[in-house]
Amino acid sequence: MKSQISRLWSGTAPRFVRSRIAAMAGVVALMASVILVGASAGTAGAATNGELRWPAGQWSCSGAPVPAGWVITGHNTGGCNGAGAWYQQPVQDGIWTCSGSPIVPGYVITNYDSRGCDGLGGWYHQIVHNNMWTCSGSPIVPGYVMTRHTIAGCNGIGSWLHEQIYPGIWACSGSPIPPGYRITVFSSYACDFVGAWQMARA
């Protein structure tokens with residue numbers, strides 16, 4: 001079966017499938033790069049900010065760990081004596097976060113704003129549900145697969161439709177294979193011509 005899949009992948013799937021998956025990986029790397037760059041310049045500690053409009057949370061210097069279940073929603077270049085500061089707060093459904101923010105399990109990214117977070121880029125986090133369009137680079141929640149794709153989605157980043165797995169569903173190339181399932185047939189026309197595999201019970 002593995003050799004059959006390998007032949008299908010190299011011979012049947014269009015070349016742009018692999019480039020599309022590589023692009024998804026690039027978006028993830030881009031999201032992580034902002035926080036890593038900030039981490040190299042700072043040390044952990046409290047950041048000062050005179051504004052009181054921020055919701056419950058805390059300012060932390062670049063490089064400070066983000067508590068589990070929290071996300072980064074603001075940036076202050078002059079914080080922490082010029083080292084830079086990031087605002088951290090508990091995640092909630094429908095929240096804009098800065099590029100490089102952790103993505104809490106059970107959440108996906110559904111929109112992108114290149115001007116968000118003081119120009120660093122912002123990502124909109126929502127709790128996953130069935131038939132939900134998510135940005136390229138968004139995590140795929142266990143039990144879900146990608147079934148459709150649009151290049152223009154998510155403000156030009158590209159979007160993928162997430163659906164809960166069931167026998168017979170067509171999952172886009174690059175979509176994970178949930179436990180208890182296997183791939184059977186490949187179609188280069190499915191998933192808006194990205195290519196897809198049909199899922200069956202293992």
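Figured I'd write up the structure that's included with this text. None of these values were measured; they are calculated from a predicted model. (Residues numbered from 1 in each chain as written. Predicted model: local features only at pLDDT ≥ 70, side-chain atom pairs only at ≥ 80, totals over all residues. Heavy atoms only, no water.)

## Describing the overall build of the protein
Basically, it comes down to this: The helix and strand labels rest on DSSP assignments: H or I over at least four residues marks a helix, E over at least two residues marks a strand, and numbering proceeds from the N terminus. Only protein chains enter the accessibility calculation, which uses a 1.4 Å probe; a residue is then buried when its area is under 20% of its type maximum, exposed when over 50%, and partly exposed in between. Contact between two residues is taken to exist if any of their heavy atoms lie within 4.5 Å; hydrogens are not considered. Note on areas: Shrake-Rupley with a 1.4 Å probe; residue coverage comes only from the protein chains shown.
Scanning the protein for helices and strands turns up four helices and 12 strands. Per-residue burial over the protein gives 43% buried out of 202 residues. The contacts in the protein between residues at least 6 apart in sequence include a share of 50% that link residues at least 24 apart. Total accessible area on the protein is roughly 10,200 Å²; 57% of this is exposed by carbon and sulfur atoms.

## Considering the state of the cysteines
Each disulfide consists of one covalent bond between the sulfur atoms belonging to two cysteines. Note the threshold: To count as a disulfide, a pair of cysteine sulfur atoms needs to be within 2.5 Å.
One pass over the structure, following the stated rule, counts four disulfides. Each disulfide pairs two cysteine sulfurs, and for C135 the partner residue is C154, the sulfurs being separated by 1.6 Å. Residues C135 and C154 share a disulfide whose torsion about the S-S bond is about 50°; that sign makes it right-handed. In this pair, C135 sits in strand β7 (residues 132–135) while C154 sits in the loop between β8 (144–150) and β9 (159–164), placing the two residues 19 residues apart along the sequence. By relative accessible area, which is 2% here, C135 ends up buried. C154 sits in the buried class, given a relative accessible area of 8%. Covalently, C172 is tied to C191 through a disulfide, its sulfur atoms 1.8 Å apart.

## Section: the packing of aromatic side chains
Selection criterion: Two rings from Phe, Tyr or Trp (for Trp, the six-membered ring) form a pair when their centres are within 6.5 Å of each other. A pair whose planes differ by under 30 degrees is stacked, one over 60 is edge-to-face, and the rest are tilted.
All told, the structure shown has five aromatic pairs when counted by the stated rule. Arranged with centres 5.2 Å apart and planes meeting at 50°, the rings of W96 and Y124 form a pair that is tilted. Here W96, found in strand β4 (residues 95–98), pairs with Y124, found in strand β6 (residues 122–127); they are 28 residues apart in sequence, far enough to count as distant. Residue W96 is classed as partly exposed on the basis of its relative accessible area, which comes to 37%. On the basis of relative accessible area, Y124 is assigned to the partly exposed category, the value being 24%.

## Some words on the nonpolar core
Note that soluble globular proteins tend to have their nonpolar side chains buried in a common cluster. This is how the line gets drawn: Here, the term nonpolar core denotes a set of buried Ala, Val, Leu, Ile, Met, Phe, Trp, Tyr and Cys residues that are joined through side-chain atoms within 4.5 Å.
Within the largest apolar cluster, nine residues are counted, these being V145, I165, I169, A171, Y181, I183, F186, W197 and M199. The set of elements that each furnish at least two residues to this core consists of β11 (181–187) and β12 (196–201). Per-element accounting of this core gives the leading share, three residues, to β11. In contact with V145, not counting residues within four places along its chain, are L161, H162, E163, I165, I169, A171, S175, P176, P178 and M199.

## Quick notes on the sheet that holds β6
Under the convention used in this document: DSSP calls a pair of strands paired once it identifies at least 2 bridges connecting them. The axes are straight lines fitted to the C-alpha atoms, using for helices just the contacting stretch, and the angles between their N-to-C directions are given from 0 to 180°.
Read from one edge of the open sheet, three strands run β4-β6-β5, paired in antiparallel fashion. Of all the strands in the sheet, the pair left with one neighbour each is β4 and β5 (107–113). Each adjacent strand pair in this sheet contributes to an overall mean axis angle of 40°, direction not counted.

## Quick word on the pairing of strand β2 (residues 70–76)
When you tally the buried positions in β2, you get five out of seven residues, the bulk of the element. Pairing analysis gives six bridges linking β2 to strand β3 (residues 85–90), with the strands arranged antiparallel. Of the residues in β3, the one forming a bridge with V71 is Q89.

## Brief notes about unusual backbone geometry
In the Ramachandran plot, D118 falls in the positive-phi region, its phi being about 60° despite a non-glycine side chain. If you trace the backbone, D118 turns up in helix α3 (residues 116–119). The class of D118 is exposed, set by a relative accessible area of 59%. The phi torsion at F193 lies on the positive side, around 70°, for a residue other than glycine. Tracing the backbone through its elements, the reader meets F193 in helix α4 (residues 190–193).

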